[in-house]
Amino acid sequence: MPRGAYVLDLDLVPYQEAWDLQRSLAGAVSQGAIPDTVVFLEHPPVVTLGRRADAGELHVPEGAEVDVVETDRGGKSTFHGPGQLVCYPILDLKRHGKDVKKYVRDLEEALIRTLESLGLDATRIEGLTGVWLHRPPRKIASIGVHISRWVTTHGYALNRALHGVDHRLRPRGCGFHDDRP
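No experiment lies behind these values; they were computed from the predicted model shown.

Digging into the confidence of the model for the protein
Next, step 1: When pLDDT is averaged across the protein, the result is 85; 87% of the residues are at 70 or more.
Next, step 2: Predicted confidence is poor over residues 166-181, with pLDDT under 50, and the contacts of this stretch with residues over four places away or in other chains come to 42 contacts.

Structure (structure tokens):
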């Protein structure tokens, strides 16, 4: 079984290309050919539709240069674009507890702790997935994951440019084994 993890720190990558990369990495992780892998990147403007997206929730202005892509992740619709840090942890949850809810809560916690270290007061909202800033209340990170044979794809999108978060930010840990107190 591979030890450690790979980290790929990419620049601007079209959504479909990144999704193809995730699926390829997930296959290799699931076969034990490579260790868990974390991909950081940005996307050109795109709206991704999760499995719970409703046709009526999508409001893209006519003529807008934005792709719309149906995905296999959970959640509703999410906008991705430059200035937003996207993280795709490709993890084998058989090595991290086989607990999807804990995995999502751990992603939230890693984001909250990272934002706290930057002086931002972030939190969860009961019954919702993602991370919010307190005042005024606004969402700073969306989370949507897909699990197949206990291997994760998709992840989170951190709206760093909209909230003055340093563009070089990379959260401490990816939520799956953050041992900090």
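Here we look at the nonpolar core
Next, step 1: By size, the foremost hydrophobic cluster in this structure holds 21 residues, and its most contacted members are Tyr103, Leu111, Val131, Ile140, Ile143, Tyr156 and Leu158.
Next, step 2: When residues of this core are traced back to their parent elements, those giving at least two are strand S2 (36-42), strand S6 (85-90), helix H2 (100-117), strand S8 (131-133), strand S9 (138-148) and strand S10 (151-158).
Next, step 3: Grouped together as the second largest cluster of nonpolar side chains are 18 residues, Trp19, Val39, Leu41 and Ala157 included.

Quick word on the packing of aromatic side chains
Next, step 1: What the rule picks out here adds up to one aromatic pair.
Next, step 2: With a centroid separation of 6.1 Å and 50 degrees between ring planes, the pair formed by Tyr15 and Trp19 is classed as tilted. Of this pair, Tyr15 and Trp19 both sit in helix H1 (residues 15-30), separated by four residues, roughly a single helical turn. For the pair Tyr15 and Trp19, one class covers both residues: buried.
Next, step 3: Positioned over the ring face of Trp19 is Arg23, at 4.2 Å from the centre of the ring.

Thresholds, definitions, all that
Residues numbered from 1 in each chain as written. Predicted model: local features only at pLDDT ≥ 70, side-chain atom pairs only at ≥ 80, totals over all residues. Heavy atoms only, no water. pLDDT = per-residue confidence, 0-100. Contact = heavy atoms within 4.5 Å. Core = buried A, V, L, I, M, F, W, Y, C linked by side-chain atoms within 4.5 Å. Buried < 20%, exposed > 50% of the residue type's maximum accessible area, 1.4 Å probe, protein only. Helix = DSSP H or I, 4+ residues; strand = E, 2+ residues; numbered from the N terminus. Phe/Tyr/Trp six-rings, centres within 6.5 Å; stacked < 30°, edge-to-face > 60°. Lys NZ or Arg CZ within 6 Å of the ring centre and 35° of its normal.

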